[in-house]
Amino acid sequence: MPPLHHTPPRPRRVTLADIAARLGVTKVTVSRALNQPEKVSAAMRERVRECARELGYMPNRQAGSLASGRSRLIALLIPSLSNAVFSELHRGLEAPLAAAGYQLLIGHTGYSMEEEERLIETWLSFGVDGLVLCGSRHSERVTEMIARSGCAVVECMEKREAPLDMAVGLDQHAAGRAMAEAMIESGRRHIGFLAARMDRRVEQRLAGWRAAVEAAGLSQEYLMTTPAPSSVKLGGELLDEMLTRWPTLDAVFCCNDDLAAGALFECQRRGLEVPARLALAGFNGLEMTRGTWPALASVVTPRREIGERTAALLLARLSGDHASTPRGLWEDLGFSLQRGGSLPRA
């Protein structure tokens, strides 16, 4: 007869009551410290969290959601995991949401409306309390799902005069026009626009460039675009094509900083002086623009501030403050121009 093997009992799940008993406080206090941290003192929050770590407490999200009607989950859908623009937006969102007891989930759309639709359907099925969407172009089904869900939604990064719910960002068209006008004011007359990916935000920047050069009576022919993903290498390759086709170019506005950096490196490879021979500018004002030589001109966008304001709007709405978070709200956080050393003053 084979020997009998004793199966040890499965460890019991640690509960809120276990933490309360260890600390000598009520279960309600423990629940508030973990789920509504703003309602208890900082000292109590730390005591409860430390005890929870020691005991190995894992919250039962499903039970909590059923009891409260809230999942305490916010989903952020971003088009690119490698783009620093969206990582800064994420940082702006994460800290205030975490401080209020919310967990931020991330979905990657890869600039695909179909993938965005699939992810939104998934997150809504999990009962997320809020959605943060990058951009304003969505499928008809997404619009319908969000309208039926009653979920708090903020669209980020661009101007949205008729949001699905709320929107926070900047006027991409105005920003593109402002940089093109700065190039015109510096005395440049053959101003090109170089762009990749061609998402809606890039299209709006391009429209701003067109408006500026048209108003100045300048040619709009110096345009180089591709649907390919943006990269530093691509910026150099596209600038090489532009200079071959239009040797009289004296300024190039790139739709983002990656392309502008690549264009700068191509100028240096060719021995072209920047900005004496060719003025260059990018978009977003990423940290790398201040590390090149010369430093790159760029449109500085408030990515982290957009994330922080988005979090504030979501938290206000979820706390029941509908007066300051009406449906249709659009907040413009603006932009600024960084001239660097690649765009001379007039």
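First, a word on scope: everything that follows refers to the structure included in this document. (Residues numbered from 1 in each chain as written. Predicted model: local features only at pLDDT ≥ 70, side-chain atom pairs only at ≥ 80, totals over all residues. Heavy atoms only, no water.)

**A word on the overall build of the chain**
To keep it simple, the criterion reads: Secondary structure counts use DSSP, requiring at least four H or I residues in a row for a helix and at least two E residues in a row for a strand, with both numbered from the N terminus. Restricting the calculation to C-alpha atoms gives the radius of gyration, and the globule rule supplies 2.2 Å times the number of residues raised to the power 0.38. Relative accessibility thresholds used throughout: buried, under 20% of the residue-type maximum; exposed, over 50%; partly exposed, between the two (1.4 Å probe, protein chains only). What makes two residues a contact is simply this: any of their non-hydrogen atoms within 4.5 Å. Think of it this way: Lys and Arg go in the positive column, Asp and Glu in the negative one, and His and the chain ends go nowhere. Working definition for charges: the position is that of NZ of Lys, CZ of Arg, CG of Asp or CD of Glu.
If you tally the helices and strands in the chain, you get 12 helices and 12 strands. Computed over the C-alpha atoms, the radius of gyration of the chain is 25 Å, more than 25% above the 20 Å expected from 2.2 N^0.38 for a compact globule of 346 residues. With respect to the principal axes defined by its C-alpha atoms, the chain has extents near 85 × 55 × 45 Å. Looking at the 346 residues of the chain, the share that counts as buried comes to 49%. Counting only contacts in the chain whose residues sit at least 6 apart along the sequence, the fraction spanning at least 24 positions is 69%. Between the mean site of the 42 positive side-chain charges and the mean site of the 40 negative ones, the chain shows a separation of 6 Å.

**Focus: the nonpolar core**
To keep things clear, this is the line we draw: The definition of a nonpolar core used throughout is a set of buried Ala, Val, Leu, Ile, Met, Phe, Trp, Tyr and Cys residues joined through side-chain atoms within 4.5 Å.
Counting 74 residues, the largest nonpolar core has Val252, Phe253 and Leu280 as its most contacted members. Contact partners of Val252, with chain neighbours within four places excluded, come to Met183, Gly192, Leu194, Leu239, Met242, Leu278, Ala279, Leu280 and Ala281. Counting residues in each nonpolar core, the second largest holds 16 residues, with Leu105, Leu133, Val142 and Val153 among its members.

**Overview of helix 10 (residues 232-245)**
The condition is simple: The span expected for a helix works out to 1.5 Å for each residue beyond the first.
In this model, helix 10 (14 residues) spans 20 Å end to end at C-alpha, consistent with the 20 Å of a helix rising 1.5 Å per residue. Buried within helix 10 we find Leu234, Gly235, Gly236, Leu238, Leu239, Met242 and Leu243. Contact partners of the buried residues in helix 10: strand 6 (191-196), strand 7 (223-226), strand 8 (251-254) and helix 11 (257-270).

**Observations concerning the side chain of Arg160**
Using the following cut-off: Under this definition, polar contacts are N or O atom pairs within 3.5 Å; protein pairs additionally need one hydrogen-donor-capable and one acceptor-capable atom, and for neighbouring residues in sequence, both atoms have to be side-chain atoms.
Tracing the sequence through the fold places Arg160 in the loop between strand 4 (152-156) and strand 5 (166-169). On the basis of relative accessible area, Arg160 is assigned to the buried category, the value being 16%. Looking at Arg160, its side chain comes within polar contact range of the main-chain oxygen of Ala162, at 3.1 Å. Excluding anything up to four places from it in sequence, Arg160 contacts Ser136, His138, Glu155, Ala167 and Trp330.

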